[in-house]
Amino acid sequence: MVDNGGLTLEELGRSIVDLVMTEDLIRRRAAALLAVARREERELKVLGKVSRLSLDVQPGEAAVTRGTSGAFDVAIPHALTVRVETAGEAEAAVHRLGATVTLRITPRPCAPLGIFLDVAEPAAESILFAEPPAGSSDFLRGRIEEEVRRELLRLVRARIADSHAERTVDLEGPLARALGVAGAGDAERARDAPPPSRLRGAGVQAGGAAAQPGALASELDAQLRTLGDAMPLQVWTARPDGKLDFVNRAVVDYFDRTEAQILGEGWLAMLHPDDVEKTIAAWTRSLETGEPYYTEFRLWRASDQTYREHVVRALPQRDRAGNIVRWLGGTTDVADARKAEAALRRSEARYRLFAEASNEGIWFWNIREDTVEWSDRLLELVGVRREAWGGTFMTFFERVHPDDRSALQAALKAHLEERRPFRVEYRLRHEDGAYRDVFTRGMADWDDKGVPFQMAGGATDITERKRHEAMLQERLEIIEQQQEAIRALSTPIIEVWNGVLTMPVLGVLDEQRSQQMMEVLLEAVARTRCRHAIIDLTGVSAVDAATADHVLRLIDAVAMLGAQGVVVGIRPEVAQTVVSLGLDLSNIKTLSNLREGLRFAMQSSGMSVRRRRRRRARREEADDAPAPPSERDG
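Fair warning: this is a prediction, and the values are worked out from it, not measured in the lab.

What counts as what
- Residues numbered from 1 in each chain as written.
- Predicted model: local features only at pLDDT ≥ 70, side-chain atom pairs only at ≥ 80, totals over all residues.
- Heavy atoms only, no water.
- Helix = DSSP H or I, 4+ residues; strand = E, 2+ residues; numbered from the N terminus.
- Buried < 20%, exposed > 50% of the residue type's maximum accessible area, 1.4 Å probe, protein only.
- Contact = heavy atoms within 4.5 Å.
- Areas by Shrake-Rupley, 256 points an atom, 1.4 Å probe, with all protein chains shown as cover.
- Expected span 1.5 Å × (residues − 1).
- Pairing = 2+ DSSP bridges.
- Axes fitted to C-alpha atoms, helices over the stretch in contact; angles between N-to-C directions.
- Patch = residues over 30% accessible without salt bridge, like charges linked within 9 Å, V, L, I, M, F, W, Y side chains within 5 Å.
- Salt bridge = Lys/Arg side-chain N within 4 Å of Asp/Glu carboxyl O.
- Parallel < 35°, antiparallel > 145°, perpendicular 65-115°, else oblique.
- Left-handed = near helix turned anticlockwise from the far one by under 90°.
- Phe/Tyr/Trp six-rings, centres within 6.5 Å; stacked < 30°, edge-to-face > 60°.
- 1 Å grid on protein atoms, 1.4 Å probe; cavity = no way out; pocket = protein on both sides within 12 Å on 5 of 7 lines; lining within 4 Å.
- Points joined across faces, edges and corners; volume = space filled by probe spheres on them.
- Nonpolar A, V, L, I, M, F, W, Y, C, P; charged D, E, K, R; others polar.
- Core = buried A, V, L, I, M, F, W, Y, C linked by side-chain atoms within 4.5 Å.

1. Topic: the overall build of the protein chain
Working step 1: Along the backbone of the protein chain there are 20 helices and 23 strands.
Working step 2: Looking at the protein chain residue by residue over its 634 residues, the buried ones come to 35%.
Working step 3: Considering only intrachain contacts with a sequence separation of at least 6, the fraction spanning at least 24 residues in the protein chain is 57%.
Working step 4: Split by element, the accessible area of the protein chain, about 37,200 Å² in all, is 52% carbon and sulfur.

2. Thoughts on helix α17 (residues 545–560)
Working step 1: End to end, α17 covers 23 Å across 16 residues, agreeing with the expected 22 Å (1.5 Å per residue, within 8%).
Working step 2: Among all positions in α17, only Thr547, Ala548, His550, Val551, Leu554, Ile555, Ala557 and Val558 are buried.
Working step 3: Packed against the buried residues of α17 are α16 (511–528), β21 (532–539) and β22 (564–568).
Working step 4: Immediately downstream of α17, the backbone of glycine 562 shows phi near 90°, a positive value.

3. Let's talk about the sheet that holds strand β20 (residues 500–506)
Working step 1: Read across the sheet, five strands follow the order β19-β20-β21-β22-β23 without closing on themselves; strand pairing throughout is mixed. Two strands close off the open sheet at either side, each with one partner strand: β19 (494–497) and β23 (589–591). Ignoring strand direction, the axes of neighbouring strands in this sheet form an average angle of 30°.
Working step 2: The strands that α16 touches are β19, β20 and β21; relative to β20, the one it contacts most, it runs at about 165°.
Working step 3: Along the sheet, α17 makes contact with β21 and β22, crossing β22 at roughly 150°.

4. Focus: a nonpolar patch on the surface
Working step 1: A cluster of nonpolar side chains, Ile494, Val496, Trp497 and Met602, forms an exposed patch at the surface whose accessible area comes to about 340 Å².
Working step 2: For the nonpolar patch, the element with the most residues is β19, which contributes three residues.
Working step 3: Locating tryptophan 497 in the fold gives a position in strand β19.

5. Overview of the sheet that holds strand β9 (residues 234–238)
Working step 1: Pairing within the open sheet is antiparallel, and its five strands lie in the order β10-β9-β13-β12-β11. Here the strands that pair on one side only, and so sit at the sheet edges, are β10 (244–247) and β11 (293–301). Going from strand to strand, the sheet's axes swing by 30° on average, the running direction of each strand aside.
Working step 2: Pairing geometry for β11 and strand β12 (residues 306–318), over nine bridges, is antiparallel.

6. Quick look at the environment of valine 438
Working step 1: Its location among the elements puts valine 438 in strand β17 (residues 435–446).
Working step 2: Measuring from C-alpha to C-alpha, the distance between valine 438 and valine 400 comes to 9.8 Å, with 38 residues separating the pair along the chain.
Working step 3: If we ignore the near neighbours within four places in the chain, the residues touching valine 438 are Leu381, Val424, Glu425, Tyr426, Leu428, Ala459, Thr460 and Ile462.

7. Quick look at α16
Working step 1: The end-to-end C-alpha distance of α16 is 26 Å, a good match for the 26 Å that 18 residues give at a rise of 1.5 Å each.
Working step 2: Positioned one or two residues after α16, arginine 529 has a phi angle of 55°, which is positive.

8. Some words on the pairing of strand β13 (residues 324–333)
Working step 1: As judged from the five bridges shared by β9 and β13, these two strands associate in the antiparallel manner. Paired with glutamine 234 across the strands is threonine 331, a residue of β13.
Working step 2: Inspection of the sheet shows β12 paired to β13 by nine bridges, in the antiparallel sense. Looking across to β13, one finds that histidine 310 is bridged to aspartate 333.
Working step 3: Two successive antiparallel strands, β12 and β13, enclose a turn made up of five residues, where glycine 322 displays a positive phi of approximately 90°.

9. What about unusual backbone geometry?
Working step 1: For aspartate 256, which is not glycine, the phi dihedral falls at a positive 55°.
Working step 2: A residue is classified by how much of its surface remains accessible, and aspartate 256, at 61% relative accessible area, is exposed.
Working step 3: A positive phi angle is found at aspartate 370, which is not glycine, with a value near 55°.
Working step 4: With respect to the element layout, aspartate 370 can be found in the loop between β14 (360–366) and β15 (371–374).

10. Regarding the packing of α16 against α17
Working step 1: The contact between α16 and α17 brings their axes to 10 Å, and the two run at 15°. Here α16 lies roughly parallel to α17, going by the angle between them. Taken as a pair, α16 and α17 cross one another with a handedness that is right-handed. Residues Glu511, Ser514, Met517, Met518, Leu521 and Leu522 of α16 form the contact with α17, whose participating residues are His550, Arg553, Leu554, Ala557 and Val558.

11. Some words on the packing of aromatic side chains
Working step 1: If you walk through the whole model with that rule in mind, you get 11 aromatic pairs.
Working step 2: On the basis of an interplanar angle of 70° and a centroid distance of 5.0 Å, the ring pair of tryptophan 300 and tyrosine 307 is categorised as edge-to-face.
Working step 3: Accessibility expressed as a relative area gives 26% for tryptophan 300, which makes it partly exposed.
Working step 4: Judged by its relative accessible area of 34%, tyrosine 307 falls in the partly exposed class.
Working step 5: Where tryptophan 374 meets phenylalanine 396, the ring centres are 6.2 Å apart and the plane angle is 70°; that geometry is what we call edge-to-face. Of this pair, tryptophan 374 sits in strand β15 while phenylalanine 396 sits in helix α13 (residues 393–397), and the two are 22 residues apart along the sequence.

12. Some thoughts on the pattern of salt bridges
Working step 1: Enumeration over the complete set of coordinates arrives at 32 salt bridges.
Working step 2: Of the charged contacts in the structure, one is a salt bridge between aspartate 447 and arginine 368, with a shortest N-O distance of 2.8 Å. In this pair, aspartate 447 is assigned in the loop between β17 and β18 (452–461) and arginine 368 in the loop between β14 and β15, connecting sequence segments 79 residues apart.
Working step 3: Judged by its relative accessible area of 30%, arginine 368 is partly exposed.
Working step 4: Linking arginine 385 and glutamate 387 is a salt bridge whose minimum nitrogen-to-oxygen distance equals 3.0 Å.
Working step 5: Given the relative accessible area of 54%, arginine 385 is considered exposed.

13. Brief notes about the layout of surface pockets
Working step 1: Reported here for the largest pocket is a volume of approximately 370 Å³.
Working step 2: Per-element tally for the lining of the largest pocket: the top contributor is helix α4 (residues 138–162), with eight residues.
Working step 3: Here the lining of the largest pocket is built from residues that sort into nine nonpolar, one polar and 11 charged.

14. Details of the nonpolar core
Working step 1: By size, the foremost hydrophobic cluster in this structure holds 64 residues, and its most contacted members are Val148, Trp365, Trp374, Phe396, Leu408, Leu428 and Met455.
Working step 2: If one sorts the elements of this core by residue count, α4 sits on top with seven residues.
Working step 3: Each residue touching valine 148, except ones within four places of it in the same chain, is listed here: Leu55, Leu80, Val82, Leu97 and Phe129.

What follows is the structure in structure tokens.
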């Protein structure tokens, strides 16, 4: 055994950690204790579609890096095959991912002779995925990666918890060899020696002389000063009577004073006059009671000659008897943080006011965690209490009307994968069972790999607007029907005789009306196969070049269908206008009134009938006449 001592076995064990804890040993332990190779199945829900996710995990060779403070970073690569079977889809989607799980392992000495491998709780950020292949679906891949990340974290954490008793490395053999013990009996005797009693050598300096208390205190003060000056915060210490006996470099630079000007009670000169009394009262109360010191005040900053808000905290340092020997404190300038908080509160208040004034509800969707937050206005829209709100995408999706779900899914998919604008209308079920019409819009946030991880937006209740739109549409349809009836009345077609149609024209004949008259008249001529179409202008009190042109085109169109157009009822003033305009109506049959027009049509039709009757009578007489003698004899 060591002849001169004072070093505990635990301290001696710590000193040989670097000798025992090699990277190869850590690699072997990590591979044995933290293997997560297994097959897992779980349910996956993406945009309201339920899928079954099958996960095959194959770990690779762990890579170990020695970190700071004796810790090791262990990176374990995993090759993953993920199979996603979605209801309603014929083929399953297969994805292959490469993930790396990083663990922090810290060897810690433990009694009596061993080292415990302390594995830090792995965080979600410790699992990194390889770059996605070109052409992959960013959103679907992102959701799969989140599910895989959760599953790997669950498996790793469960394995760490199960292996707690296995993570101890026995140091008895290496320690016995380091102490020069030949056999196990010596090791037993060493273990039975006055345990944590100090072995010889404790408190011995390099030269063999024991350290003096005064020298140790001076060394401690020097270390404290060096540490304090290295800190960017304002650090100070005070004697039991409350007078400062040390301030770090940050305090001196902040006030642009010497340390001597600040020590003792010199710091009070930098206090705002209105804060001196309450600050002294709080400091005195802590000195008398020994309670931690906490208060806020304003201090003068030399750089811009302004008073700025500060928060100060101090804790008492006590000796073994419980007496306060020193106060350790720190002061923090919180002026900028307070301004930022005030600006944030004003911004939130303005946004809340805007949301309430615009009747819009606000929602936020954490895609990775699958959590959905709704504002009070949005919860009010569906009549649900906040404590009853499930807070997931499926909670929301199940309230969407079944007929609107596919459109919502398509809009979300187009936005998350193709970054198209997300604007959609759907019906949302209220607690009373009725559906409310909702218009929502939003925008996602993508990470540096192009995978969406969160989305926010607003939703507006448009039920009343939709109801008014439906009422307006119904009234427009009624108006359209009425207009259609008016148009039918304004262009009446009368079949006054077999094969004779008449169209009375009243009022002004413009381009739109003439087009309508032509469509109605031509349709009637084709349907009835009439021979005459009479256009009665008795109700037209004025005519111009455009009106005459409309009539001419109407007559020409009727003629193309094999009917004769006749114009009747031209008033004297209209005839005078036609002559003055130099219009040629010589090719159009014009008569004085409707009676004449009907007589003309009837006469034309009767003459045609008489001629047909004469031809038929002649044929009948020819058939009934006796045959010539030559034909009878033959």
